[in-house]
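Chain residues, written in single-letter form:
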Amino acid sequence: MSEESTAMTHPFLNLAPLTAARFAAIEDRVARLLSTEQDVVITQGEALLPLEGCIRGAAGPGTTALNVITGPYGQTFGDWLRDCGATVIDLAVPFHTAVTAVRIREAFAAHPEIDFVSLVHAEAATGNTNPVAEIGEVVREHGALFMLDAVASVGAEPLLPDAWGVDLCVIGAQKAMGGPAGVSAVSVSSRAWARMAANPRAPRRSYLSLLDWKERWIGGGRKALLHAPAQLEMLALEACVERIEVEGLEAVMARHATAAAATRAAALALGGGLEPYVYEAGDAAPVATTLRTPTGVDASELVARALAADPALPVVAGGGVLAKEMIRVNHYGPDATRGAVHACVAALGAALTESGRSVDLEAGRRAVTEVWAEA
């Protein structure tokens, strides 16, 4: 047997090295996606990496942070901020709603010393989205540094860090962008760079250090990478950005908005006690729709029934304490389609029927079709 025939080949293996120029070009495309003139740094890991890097870089013992909690990630941010030595003021709202700019303004009035704000744009875990444009205006008036987790919102709804006064905007590709989970990015304003540079506790010579990227990568003209890039993830990120460019960002966002509206309408039409978890449609995120199960029906068991016929459906039970009462339909990326929504609604309807609930499958199907026809 020849050496050639025994050698293992695979399109993911033996790739040519990713050059610094290619890496920089991908950063530029991400910047265009965000319509930002700020520095964009692509980080080699899931989005928790730059989120923690932002907090540890910008916060310290002299920081007073307003940490908005509209889902589980806000709780994580508060833990990191306290670990940095910051004074943390938590502003928690029920997970079935969104925070308002009025609540942010009230927090500033009560605590004028606040100089840092952390917020999640869209919470895929709870299905809500927050009015960042309005909140950003209030934060800008107050003068605080503004960090936004836009992992679930990018590609699903408008995201304009420059126009909204966002100083640190973190995105990930694994949801509406339809890309890999192992690479993420952050746009950084000049104010944020200055805050990190002045923070003696900001990570240096660390995988969490954004300042290392600023000084050695951006400051060096983006000619020498800090370490070997995650080759496959970078190429996948480039491909999914290119796919969005070809389809058009507005069209991608419209797909997600329609999928969310159709899922919500179908759940209401289906009956059987299933209803939207987020009360107001205006507070509901386009990236995923959360549904509350009827009393006496365990969400995890209902999802297991729904997935029995098709395990690939983008339907999951809520996490943690929500596992018994919440279902999440993840209509993002390639699943932001009429076919995917139809399939999810049909599977949930069948599962409710098996649970002894009376549903109208035809009404649910019709609701999806009508919403898509009006889009």
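Residues numbered from 1 in each chain as written. Predicted model: local features only at pLDDT ≥ 70, side-chain atom pairs only at ≥ 80, totals over all residues. Heavy atoms only, no water.

Observations concerning the pairing of strand β9 (residues 184–188)
Line of reasoning, step 1. With respect to burial, β9 is a largely interior element, five of its five residues being buried.
Line of reasoning, step 2. Side chains Ser184, Val186 and Val188 of β9 all project onto a buried face; the interleaved residues Ala185 and Ser187 project onto the opposite face, where all are buried too.
Line of reasoning, step 3. Looking at chain direction, strand β1 (residues 39–43) and β9 are connected through five bridges and run antiparallel. Looking at the pairing, aspartate 39 lines up with valine 188 of β9.
Line of reasoning, step 4. Bridge count for strand β8 (residues 168–172) against β9 is five bridges, and the pairing is antiparallel. Bridge pairing links isoleucine 171 to alanine 185 in β9. (Buried < 20%, exposed > 50% of the residue type's maximum accessible area, 1.4 Å probe, protein only. Helix = DSSP H or I, 4+ residues; strand = E, 2+ residues; numbered from the N terminus. Pairing = 2+ DSSP bridges.)

Overview of the sheet that holds strand β12 (residues 315–317)
Strand pairing in a sheet relies on backbone hydrogen bonds. The paired strands run either parallel or antiparallel.
Line of reasoning, step 1. An order of β10-β11-β13-β12 is seen for the four strands of this open sheet, with the pairing classed as antiparallel. One side of each edge strand has no neighbouring strand; the edge strands of this open sheet are β10 (275–276) and β12.
Line of reasoning, step 2. Pairing of β10 with strand β11 (residues 289–292) involves two bridges; the strand directions are antiparallel. Opposite glutamate 275, over in β11, you have arginine 292 as the bridge partner.
Line of reasoning, step 3. Helix-sheet contacts for helix α11 (residues 249–270) involve β10, β11 and β13 (326–329), and the interaxial angle to β11 is about 15°.
Line of reasoning, step 4. Those strands touched by helix α12 (residues 299–309) are β12 and β13, and its axis lies near 155° from that of β12. (Contact = heavy atoms within 4.5 Å. Axes fitted to C-alpha atoms, helices over the stretch in contact; angles between N-to-C directions.)

Side note on the pattern of salt bridges
Line of reasoning, step 1. A complete count under the given rule lists 17 salt bridges for this structure.
Line of reasoning, step 2. Where glutamate 52 meets arginine 56, a salt bridge forms, and the shortest distance between an N and an O atom there is 2.6 Å. Taken together, the residues span about one helical turn, with glutamate 52 and arginine 56 both in helix α3 (residues 48–58) at a distance of four residues.
Line of reasoning, step 3. Looking at glutamate 52, the relative accessible area reads 18%, which means it is buried.
Line of reasoning, step 4. One salt bridge in this structure joins aspartate 298 and lysine 324, with 3.2 Å as the shortest N-O distance. (Salt bridge = Lys/Arg side-chain N within 4 Å of Asp/Glu carboxyl O.)

Considerations on the packing of aromatic side chains
Line of reasoning, step 1. All told, the structure shown has four aromatic pairs when counted by the stated rule.
Line of reasoning, step 2. Their ring planes at 10° and their centres at 5.9 Å tell us that phenylalanine 23 and tryptophan 213 sit as a pair that is stacked. Of this pair, phenylalanine 23 sits in helix α2 (residues 20–33) while tryptophan 213 sits in helix α9 (residues 210–218), and the two are 190 residues apart along the sequence. In terms of burial, phenylalanine 23 and tryptophan 213 fall into one category: buried. (Phe/Tyr/Trp six-rings, centres within 6.5 Å; stacked < 30°, edge-to-face > 60°.)

Description of a nonpolar patch on the surface
Line of reasoning, step 1. There is a patch of nonpolar side chains on the surface, built from Phe12, Leu13, Leu15 and Leu232 and spanning about 370 Å² of accessible area.
Line of reasoning, step 2. With respect to the element layout, phenylalanine 12 can be found in the loop between α1 (3–6) and α2. (Patch = residues over 30% accessible without salt bridge, like charges linked within 9 Å, V, L, I, M, F, W, Y side chains within 5 Å. Areas by Shrake-Rupley, 256 points an atom, 1.4 Å probe, with all protein chains shown as cover.)

Remarks on the UniProt feature "binding site: substrate" (unreviewed entry) in the chain
Line of reasoning, step 1. Here, the residues flagged by UniProt with the feature "binding site: substrate" (unreviewed entry) are Arg328.
Line of reasoning, step 2. Structurally, arginine 328 can be placed in strand β13.
Line of reasoning, step 3. Given the relative accessible area of 17%, arginine 328 is considered buried.
Line of reasoning, step 4. Other than its neighbours up to four places away in sequence, arginine 328 contacts Ala124, Ala125, Ala288, Thr289, Thr290, Pro314, Val315 and Val316.
Line of reasoning, step 5. Among the polar contacts made by the side chain of arginine 328, one reaches the main-chain carbonyl oxygen of alanine 124 at a distance of 3.4 Å. (UniProt positions renumbered as here; feature names shortened; annotations may be inferred. Polar contact = N/O pair within 3.5 Å; in protein donor to acceptor, adjacent residues only side chain to side chain.)

Section: the UniProt feature "modified residue: N6-(pyridoxal phosphate)lysine" (unreviewed entry) in the chain
Line of reasoning, step 1. Taking the UniProt record as the reference, the feature "modified residue: N6-(pyridoxal phosphate)lysine" (unreviewed entry) is found at Lys175.
Line of reasoning, step 2. For lysine 175, the position within the fold is in the loop between β8 and β9.
Line of reasoning, step 3. With relative accessibility at 18%, the residue lysine 175 sits in the buried group.

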